[in-house]
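Observations on the three-dimensional arrangement
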Amino acid sequence: MKKILAFLLVVVGISLVAGAVDNEKDSKFKPIAPDMDTIKHNIENPYSNYYYKKLWRKFLSNDTNMSMQEYRHLYLGYMFQEDYDPYRRSEFSEKIQPLYYKKSHTPAECDTIIKYAELSLADDPFDLRQMEFFIYALKEKKKYARASIWQFRLNHLIQAILSTGKGTKEMPWVVTSPIHEYVIINNMGMMAVEHQPLEGDVDYIIVDKPKDKKAPEGYYFDVSMLLKIRHQKFGD
């Protein structure tokens, strides 16, 4: 947990504003808890607009017309893909892990980050913290065009998570990986200070004292589906 928090401190300066989406109608998307059975049906139906192979092709082609519903199906539907494992870590991410905790990086180190972060994302496409680190290194190397492409992807994936709830006990956000809980907290300009697993397969993340006294002391995340699928696949 300490390593995760250390990483988040490094990337806080490069994080994106979670609500910054380019499509006006998406920015008005009201949070609604996902119906996972319907999502599973849609992504497995070749005749559906949400058929996973179609969504994946659009995502890779940087299609800026993808709707929030498409991003929701893309993100949440990944849990039903064969290679999904919420706790899987790419071997490539391990190679640059020591660089997470440095406050600045040399051009050569940025090249290393770019190389292995890209390989890691090819292996684990929704590793959001690798995405953040990748974007940071691209910007440091003044590769702004590539950085903007990945920023667009990251913004919309984060918005897809935020569209699943309100971060409250009654409407927790649904995530496909526990690491994404910290990415969300970080993108709100806060730092997680404590993690509490609750009944009903809900995680509660307590944050550092918000400057806004009206802000909650913590946020709730629904991990029931990822734990269910993990158990079905691996029995642990």
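Residues numbered from 1 in each chain as written. Predicted model: local features only at pLDDT ≥ 70, side-chain atom pairs only at ≥ 80, totals over all residues. Heavy atoms only, no water.

1. Examining the packing of aromatic side chains
- Tallying each qualifying case throughout the model produces 14 aromatic pairs.
- Judged by centre distance (5.7 Å) and plane angle (80 degrees), the ring pair of Y78 and Y84 falls under edge-to-face. Both residues of the pair, Y78 and Y84, belong to the buried class.
- Between Y100 and F133 the ring centres are 5.0 Å apart and the planes differ by 80 degrees, which places this aromatic pair in the edge-to-face class. In this pair, Y100 sits in the loop between α6 (91–96) and α7 (107–123) while F133 sits in helix α8 (residues 128–140), placing the two residues 33 residues apart along the sequence.
- Taken together, the ring pairs in this structure connect W56, F59, Y71, Y75, Y78, Y84 and F126 into an aromatic cluster.
- Taking NZ or CZ as reference, R153 lies 4.9 Å from the ring centre of F59, over its face. (Phe/Tyr/Trp six-rings, centres within 6.5 Å; stacked < 30°, edge-to-face > 60°. Buried < 20%, exposed > 50% of the residue type's maximum accessible area, 1.4 Å probe, protein only. Helix = DSSP H or I, 4+ residues; strand = E, 2+ residues; numbered from the N terminus. Lys NZ or Arg CZ within 6 Å of the ring centre and 35° of its normal.)

2. Thoughts on the pairing of strand β3 (residues 202–207)
- For β3, the tally of buried residues reaches six of six residues, placing the bulk of the element in the interior.
- Turn length for the strand β2 (residues 192–198)-β3 hairpin, with the two strands adjacent in sequence and antiparallel, is three residues, and the turn residue G200 shows positive phi of about 85 degrees.
- In terms of strand pairing, β3 meets strand β4 (residues 218–222) through five bridges, oriented antiparallel. Bridge pairing in β4 places I206 opposite G218. (Pairing = 2+ DSSP bridges.)

3. Points about the confidence of the model for the protein chain
- Of all residues in the protein chain, 87% attain a pLDDT of 70 or more, and the chain-wide mean is 87.
- The weakest mean pLDDT in the protein chain belongs to helix α1 (residues 2–11) at 41; the strongest belongs to strand β1 (residues 173–174) at 98. (pLDDT = per-residue confidence, 0-100.)

4. Structural notes on the packing of helix α4 (residues 52–60) against helix α5 (residues 68–77)
- Put simply, α4 and α5 touch, their axes get as near as 10 Å, and they point 110 degrees apart. As judged from the angle between their axes, α4 and α5 are roughly perpendicular. In this structure, α4 contributes Y52, L55, W56, K58 and F59 to the contact, and α5 contributes E70, Y71, H73, L74 and G77.
- Along the lines of polarity and charge, the residues of the contact of α4 with α5 split into six nonpolar, two polar and two charged. (Axes fitted to C-alpha atoms, helices over the stretch in contact; angles between N-to-C directions. Parallel < 35°, antiparallel > 145°, perpendicular 65-115°, else oblique. Contact = heavy atoms within 4.5 Å. Nonpolar A, V, L, I, M, F, W, Y, C, P; charged D, E, K, R; others polar.)

5. Here's the deal with the sheet that holds β2
- Judged by pairing direction, the sheet is mixed, and its four strands sit side by side in the order β1-β4-β3-β2 without closing on themselves. Of all strands in the sheet, those with a lone pairing partner are β1 and β2, marking the two edges.

6. Quick look at the environment of E109
- Secondary-structure assignment places E109 in helix α7.
- On the basis of relative accessible area, E109 is assigned to the buried category, the value being 17%.
- Between the C-alpha atoms of E109 and A137, which are 28 residues apart in sequence, the distance is 8.6 Å.

7. Examining unusual backbone geometry
- The phi torsion at N62 lies on the positive side, around 60 degrees, for a residue other than glycine.
- By the secondary structure assignment, N62 is in the loop between α4 and α5.
- Positive phi outside glycine occurs at K142, with the angle close to 60 degrees.
- Relative to the assigned elements, K142 resides in the loop between α8 and α9 (144–162).
- Of the residues examined, K142 reaches a relative accessible area of 61% and is grouped as exposed.

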